[in-house]
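# A look at the structure
The residues making up each chain are set out below.
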Amino acid sequence: MTEEQLPYKFSFSITYKEYKSLTLAHSKNQLIFISVFIFLVFIATAWIKSSDLHVMIINAPIGIIVSLVLTWFMWLLTLSKARRVYESSGVLKNEQTITVSEDGIQMTIDTKDSLIPWNDVAKVTESKLLVIIYLSQNQGVLIPKHSVDMARFKRILHSFLESNHLQIK
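In this text the structure is predicted, and so the values were computed from the model without any measurement.

### Some thoughts on the pattern of salt bridges
- Evaluated as defined, the whole model comprises four salt bridges.
- Note that E126 is salt-bridged to K154, the shortest N-O span being 3.5 Å. With E126 in strand β5 (residues 123-126) and K154 in helix α4 (residues 150-160), the pair connects residues that are 28 residues apart, well separated along the chain.
- Judged by its relative accessible area of 15%, E126 falls in the buried class.
- Relative accessible area serves as the criterion here: at 19%, K154 is assigned to the buried category.

### Re the pairing of strand β2 (residues 96-101)
- Across the six residues that make up β2, a large majority, five, are buried.
- In terms of strand pairing, strand β1 (residues 8-12) meets β2 through five bridges, oriented antiparallel. Considered in β2, the bridge of F12 is made with Q96.
- Pairing between β2 and strand β3 (residues 104-109): six bridges, direction antiparallel.

### Regarding the side chain of T97
- Along the chain, T97 turns up in strand β2.
- T97 sits in the buried class, given a relative accessible area of 17%.
- Side-chain polar atoms of T97 contact the side chain of S11, separated by 2.9 Å.
- Setting aside its immediate chain neighbours within four residues, T97 contacts K9, F10, S11, Q106, M107 and T108.

### Observations regarding the sheet that holds β3
- One open sheet holds the four strands; their spatial order is β1-β2-β3-β4, and the pairing between them is antiparallel. The outermost strands of the open sheet, each flanked by one partner alone, are β1 and β4 (112-117). Taking the axes of each pair of neighbouring strands and ignoring which way they run, one obtains an average angle of 15° across the sheet.
- On top of the sheet, α4 reaches β1 and β2; it is set at about 125° to β1, its chief contact.

### Points about the confidence of the model for the chain
- For the chain, per-residue confidence averages 88 on the pLDDT scale, and 97% of positions sit at 70 or higher.
- Mean pLDDT in the chain bottoms out at helix α3 (residues 90-93), which sits at 81, and peaks at β2, which reaches 94.

### Quick word on the packing of aromatic side chains
- Evaluated as defined, the whole model comprises seven aromatic pairs.
- Geometry around Y86 places K93 over its ring, the cationic atom sitting 5.9 Å from the centre.

### Details of the pairing of strand β7 (residues 139-144)
- As paired elements, strand β6 (residues 130-136) and β7 share six bridges and run antiparallel to each other. Within β7, the position partnered with I133 by the bridge is V141.
- In textbook terms, the turn of a hairpin is the stretch between consecutive antiparallel strands, and for β6 and β7 this stretch comprises two residues.

### Focus on the sheet that holds strand β8 (residues 166-167)
- Read across the sheet, four strands follow the order β7-β6-β5-β8 without closing on themselves; strand pairing throughout is mixed. One side of each edge strand has no neighbouring strand; the edge strands of this open sheet are β7 and β8.
- Of the strands in this sheet, β6 and β7 touch helix α1 (residues 16-49), which is tilted by about 60° from β6.

### A few points about the side chain of E126
- Reaching out from E126, the side chain makes a polar contact with the side chain of K145 at a distance of 2.6 Å.
- In this structure E126 touches V131, K145, M150, K154, Q167, I168 and K169, once residues within four positions along its chain are discounted.

### Points about α1
- In this model α1 runs 46 Å from its N-terminal to its C-terminal C-alpha over 34 residues, within 8% of the 50 Å that 1.5 Å per residue would give.
- S27 marks where α1 bends most, by close to 45°.
- The complete set of buried residues in α1 reads Y16, E18, Y19, L22, T23, S27, L31, S35, I43 and A46.
- Residues of α1 that are buried sit in contact with α2 (53-88), α3, β6 and β7.

Basis of the calculations
Starting from 1, residues in each chain are numbered consecutively following that chain's sequence as written. Local features are withheld for residues below a pLDDT of 70 in this predicted model, meaning they are given only at 70 or higher, and side-chain atom pairs are given and counted only at 80 or more; totals for whole chains, interfaces and linings count all residues. In computing side-chain values, all of the structure's heavy atoms are included and hydrogens and water are not. By salt bridge we mean one thing: a side-chain nitrogen of Lys or Arg within 4 Å of a carboxyl oxygen of Asp or Glu. Think of it this way: any DSSP run of H or I at least four residues long counts as a helix, any run of E at least two long counts as a strand, and we number them from the N terminus. Only protein chains enter the area calculation, which uses a 1.4 Å probe; residues under 20% of their type maximum are buried, those over 50% are exposed, and those in between are partly exposed. Each pair of strands is called paired provided DSSP finds at least two bridges between the two strands. The definition of a polar contact used here is a pair of N or O atoms within 3.5 Å, where within protein one atom must be able to donate a hydrogen and the other to accept one, and adjacent residues in sequence count solely through side-chain atom pairs. The contact criterion used throughout is that any non-hydrogen atoms of two residues lie within 4.5 Å. In this analysis an axis means a line fitted to C-alpha atoms, helices contributing only their contacting stretch, and an angle means the value between N-to-C directions, from 0 to 180 degrees. The predictor attaches a confidence to each residue, and that confidence, scored 0 to 100, is pLDDT. Only Phe, Tyr and Trp rings take part, Trp by its six-membered ring, and two of them pair if their centres are within 6.5 Å. Stacked means planes under 30 degrees apart, edge-to-face means over 60, and tilted covers everything else. Here, a charge over a ring means that NZ of Lys or CZ of Arg falls within 6 Å of the ring centre while also lying within 35 degrees of the ring normal. For a helix, the expected span equals 1.5 Å multiplied by the number of residues minus one. Bend at a given residue is defined as the angle between two axes, one fitted to the seven residues that end at that position and one fitted to the seven that begin there.

Have a look at this one:
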């Protein structure tokens, strides 16, 4: 690592669009599961009620429509929850400054500093809009891609983290 690469310092604020994309990405499997589960319950109920194949064929499109409508409703609830969490969180909306160094990732929000040593990083992933540095399964640091030089940031991550911790392109 050359001296000119570190420390690497940048600032950003998380937008609702970025937070919403993270929430939907984390909820995607749940929404798919709910849709399939509702459809299967609907079909099983129709089959138990009437074992006639003709009735089942007629009820299948109704089951698909019902499961899609309920999944759409759950999607709206997910968006509503994401909006409430984002609006009530000062940390997400406040300007954050990150300084990446040999010691780890230093976060500054308002006047509060915290250092995340490299060995505390569980994994790093990326979505379309964000780089997510996970410290545990449900705790992480969100970094908008537009606020960082991705090529430089990836080189730094690769130099401090083992490849099994990196799930970035």
